[in-house]
Amino acid sequence: MNNSDTLDKLRSLKLYGMFHAFKTNLETGSVEGYTPDQLLAELVDAEYEDRMNRKINRLIDGAKFRYKASIELINFNRDRNIDRSQILRLAECAFIENHDNILITGPTGIGKSYIASAIGHQACAKGFRVVYWSAPKLFARLKQAKADNSYFKEVAKILRAELLILDDFGLHPLDNQSRLMLMEIVEDLHGKTSMIFTSQLPVSAWFEMIGEKTIADAVLDRIVHDAHRIEALGESMRKVRPKKLEDLENTFQ
């Protein structure tokens, strides 16, 4: 068997990592520098890395994040009250293994969604299945699903997640149907799946926002108890960025 046949078979078997590594080694002439066991190890490592990268990309695509975010790009300015060590600790994703929740609160534009997305991307990189939803859009989608009989299918997608991110939670007071949906989701995920909530409202205002006392008590008891809290402060990043850009431009005038 010649090398061309080997490449064809690697590609037909969808061993793309091995295919590209072997092809590169042939083109650079480095194959001759390997012992058989070294070459095998090189090809296996390439295949493993390729499959892991494709898995991570599938998880990120499936999560439907609002932002392409990373922990490294989070603004840890002291005025924002965001603890770098806490974020880095959460980025290790032990909270998912422990089925803990994260509550991120603060004024609009402060970067809550970005922080949640960055932690979500990190979870995908570690192989966890993540689902991201804007809370108002989720409730609207579930109401539509109730009407077209796809409700259980939509909920099943959420229940398969190992991390659910609910962004913009409490943007509007919940109506009765949304309250019941929230209660059902939280009840099913409690103790099995971690949740990240971002909200402009402080946690102390969530009871009133959810509404009906019995449901509010049940929901908050499940998501707030022992949750990791991030309470961001400061001016909206949407206002800060143009100022920085203006300052930069002024230095060249």
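Anything mentioned here points back to the structure above.
Cut-offs and rules
Residues numbered from 1 in each chain as written. Predicted model: local features only at pLDDT ≥ 70, side-chain atom pairs only at ≥ 80, totals over all residues. Heavy atoms only, no water. Helix = DSSP H or I, 4+ residues; strand = E, 2+ residues; numbered from the N terminus. Buried < 20%, exposed > 50% of the residue type's maximum accessible area, 1.4 Å probe, protein only. Contact = heavy atoms within 4.5 Å. Areas by Shrake-Rupley, 256 points an atom, 1.4 Å probe, with all protein chains shown as cover. Lys, Arg positive; Asp, Glu negative; His and termini not counted. Charge placed at Lys NZ, Arg CZ, Asp CG, Glu CD. Expected span 1.5 Å × (residues − 1). Phe/Tyr/Trp six-rings, centres within 6.5 Å; stacked < 30°, edge-to-face > 60°. Lys NZ or Arg CZ within 6 Å of the ring centre and 35° of its normal. 1 Å grid on protein atoms, 1.4 Å probe; cavity = no way out; pocket = protein on both sides within 12 Å on 5 of 7 lines; lining within 4 Å. Points joined across faces, edges and corners; volume = space filled by probe spheres on them. Axes fitted to C-alpha atoms, helices over the stretch in contact; angles between N-to-C directions. Parallel < 35°, antiparallel > 145°, perpendicular 65-115°, else oblique. Left-handed = near helix turned anticlockwise from the far one by under 90°. Nonpolar A, V, L, I, M, F, W, Y, C, P; charged D, E, K, R; others polar. Arc of directions from axis to C-beta.

Asker: Where do I start with the overall build of the protein in this structure?
Answerer: The helix and strand tally for the protein stands at 12 helices and five strands. For the protein, the proportion of its 253 residues judged to be buried stands at 42%. Considering only contacts within the protein whose residues lie at least 6 apart along the sequence, 78% involve residues at least 24 apart. In the form shown here, the protein has an accessible surface area of approximately 14,600 Å², with 52% of it arising from carbon and sulfur atoms. Looking at charge distribution, the protein has the averaged site of its 35 positive side-chain charges lying 5 Å from that of its 36 negative ones.

Asker: Mind showing me how you'd approach helix H3 (residues 36-63) here?
Answerer: Turn by turn, an α-helix covers 3.6 residues, leaving residues three or four places apart pointing in a common direction. Over its 28 residues, H3 runs 41 Å from end to end, which matches the ideal 40 Å to within 8%, given 1.5 Å per residue. The inward-facing, buried residues of H3 abut helix H2 (16-28), helix H6 (112-125) and strand E2 (130-134).

Asker: Got a minute to help me understand the packing of aromatic side chains in this structure?
Answerer: Each aromatic ring pair is summarised here by two numbers: the centre-to-centre distance and the angle between the ring planes. Evaluation of the coordinates by the stated rule reveals six aromatic pairs. Residues Tyr 151 and Phe 152 carry aromatic rings whose centres are separated by 5.7 Å and whose planes lie at 75° to one another, so their mutual orientation is edge-to-face. A residue is classified by how much of its surface remains accessible, and Tyr 151, at 5% relative accessible area, is buried. Summarising the aromatic geometry, the rings of Phe 197 and Trp 206 are spaced 6.1 Å apart at their centres and angled 50° between planes, so their arrangement reads as tilted. Neither Phe 197 nor Trp 206 differs from the other in exposure class; each is buried. Through pairs of rings, three or more aromatic residues link up here, namely Phe 169, Phe 197 and Trp 206. Across from the ring centre of Tyr 151, 4.1 Å away, lies the NZ or CZ of Lys 146, which sits over that ring.

Asker: What exactly am I supposed to notice about the layout of surface pockets here?
Answerer: Empty pockets left among the atoms are what a rolling probe the size of a water molecule brings to light. Of the pockets and cavities examined, the second largest pocket occupies roughly 280 Å³. In terms of lining residues, the second largest pocket is bounded by 14 residues, among which Gly 62, Lys 64, Val 130, Val 131 and Lys 157 are the most central. When contributions to the lining of the second largest pocket are tallied by element, the ones reaching two or more residues are H3, E2 and helix H8 (151-159).

Asker: Which parts of the structure should I look at to understand the packing of helix H1 (residues 3-12) against H2?
Answerer: Any two packed helices are characterised by the angle at which their axes cross and by the distance between the axes. Two elements in contact, H1 and H2, have axes separated by 8 Å at closest approach and are oriented at 155°. Relative to H2, H1 is oriented roughly antiparallel. Read as a crossing pair, H1 and H2 show a hand that is left-handed. Along its contact with H1, which presents Asn 3, Thr 6, Leu 7, Leu 10 and Arg 11, the element H2 presents Tyr 16, Met 18, Phe 19, Phe 22, Lys 23 and Leu 26. Class assignment for the residues of the contact of H1 with H2 results in seven nonpolar, two polar and two charged.

Asker: Even after reading the chapter, I still don't get H8, so can you show me in this structure?
Answerer: Here H8 has its buried residues at Tyr 151, Glu 154, Val 155 and Ile 158. Viewed along the axis of H8, the buried residues span an arc of 95°, placing them on a single side of the element. Residues Phe 152 and Lys 153 are exposed on H8 and point more than 90 degrees away from its buried face. Close packing links the buried residues of H8 with helix H7 (135-147), strand E3 (163-167) and helix H9 (176-189).

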